[in-house]
Amino acid sequence: MDDLVTPTEPLPTAAPDAVAALFDGDSPEPHNMAQCQRAMLPVHEVLAQISGKWTILVVRVLSDGPKRFSEIKRQIEGVSQKMLTATLRDLEKDGFVSRKVIPSIPPRVDYALTEMGEELQEPLRVIGNWAHANRHRVVEARERFAEREEEARRLAW
């Protein structure tokens, strides 16, 4: 993260096709690191948000429809009130979740996915399916890495 460009003025966002071209190899290489970082900045920002420990779970719970805070908390085992509050606030700030206060005694607050939050479900589903299908490969790679590290430590002595 520290090596990302942190401009003093906002960078123009790259068009989705520009980012796809970086991954697909359909365009020439960026001319410099700043151009590459500029194209990837929106990806970095969104992935930083959706990769939070509780974000995917909150989006999943809200995919069933609007929920009160206490309903969300009950459905996500292990989340603290503080972390759930922070996660909902961040999702609201970024436009994935809406917060509606219903005047009553006590006041009722409902959280719901926005249109953008609904759209987020499909890429999360794709990533989730990929993770499930490839988890064994990741585990195997970690085991091979650990074996190489152990062998290197053994030979160093």
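Residues numbered from 1 in each chain as written. Predicted model: local features only at pLDDT ≥ 70, side-chain atom pairs only at ≥ 80, totals over all residues. Heavy atoms only, no water.

Student: Help me understand the overall build of the chain, please; the structure alone is not making it clear to me.
Tutor: In terms of helices and strands, the chain carries six helices and three strands. Buried positions account for 23% of the 157 residues belonging to the chain. Across the chain, every contact between residues at least 6 apart in sequence was considered, and the portion connecting residues at least 24 apart equals 47%. As displayed, the chain offers around 11,800 Å² of accessible surface, 56% of which is attributable to carbon and sulfur atoms. (Helix = DSSP H or I, 4+ residues; strand = E, 2+ residues; numbered from the N terminus. Buried < 20%, exposed > 50% of the residue type's maximum accessible area, 1.4 Å probe, protein only. Contact = heavy atoms within 4.5 Å. Areas by Shrake-Rupley, 256 points an atom, 1.4 Å probe, with all protein chains shown as cover.)

Student: Help me out: how do you make sense of the sheet that holds strand S3 (residues 108-113) in this one?
Tutor: Across a sheet, strands are paired by hydrogen bonds formed along the backbone, either parallel or antiparallel in direction. Here three strands make up an open sheet; going across it, the order is S1-S3-S2 and the pairing antiparallel. Both outer strands of the open sheet, strand S1 (67-68) and strand S2 (97-102), are each paired with one neighbouring strand and no more. Looking at chain direction, S1 and S3 are connected through two bridges and run antiparallel. If you follow Lys67 over to S3, its bridge partner there is Tyr111. With respect to the sheet, helix H3 (residues 55-62) is in contact with S1, S2 and S3, its orientation differing from that of S3 by roughly 100 degrees. (Pairing = 2+ DSSP bridges. Axes fitted to C-alpha atoms, helices over the stretch in contact; angles between N-to-C directions.)

Student: Please explain helix H2 (residues 33-50) as it appears in this structure.
Tutor: Residue pairs spaced three or four apart in an α-helix point in one direction, given the helix's 3.6 residues per turn. Over its 18 residues, H2 runs 25 Å from end to end, which matches the ideal 26 Å to within 8%, given 1.5 Å per residue. A maximum bend of about 45 degrees is found in H2 at Met40, where proline Pro42 lies one to four positions downstream. Listed as buried for H2 are Gln37, Ala39, Met40, Leu41, Gln49 and Ile50. Its side-chain oxygen at 3.1 Å from the backbone nitrogen of Ala34, Asn32 defines the N-terminal cap of H2. (Expected span 1.5 Å × (residues − 1). Bend = angle between axes of the 7 residues up to and from the residue. Polar contact = N/O pair within 3.5 Å; in protein donor to acceptor, adjacent residues only side chain to side chain.)

Student: Just checking my understanding: could you explain the pairing of S2 for this structure?
Tutor: For a regular strand, side chains alternate in direction, first toward one face of the sheet and then toward the other. Relative to S3, S2 is paired through six bridges, and the arrangement is antiparallel. Across the sheet, Arg99 pairs through a bridge with Tyr111, a residue of S3. Joining the antiparallel neighbours S2 and S3 is a turn of five residues.

Student: What is the right way to look at the confidence of the model for the chain in this model?
Tutor: For the chain, per-residue confidence averages 85 on the pLDDT scale, and 81% of positions sit at 70 or higher. Contacts for the low-pLDDT stretch residues 1-14, under 50 throughout, to residues beyond four places or in other chains number 15 contacts. (pLDDT = per-residue confidence, 0-100.)

Student: So what exactly am I meant to see when it comes to unusual backbone geometry here?
Tutor: Residue Pro106 is reached from Ile105 by a cis peptide bond, and omega for that bond is -10 degrees. Along the chain, the position of Pro106 falls in the loop between S2 and S3.

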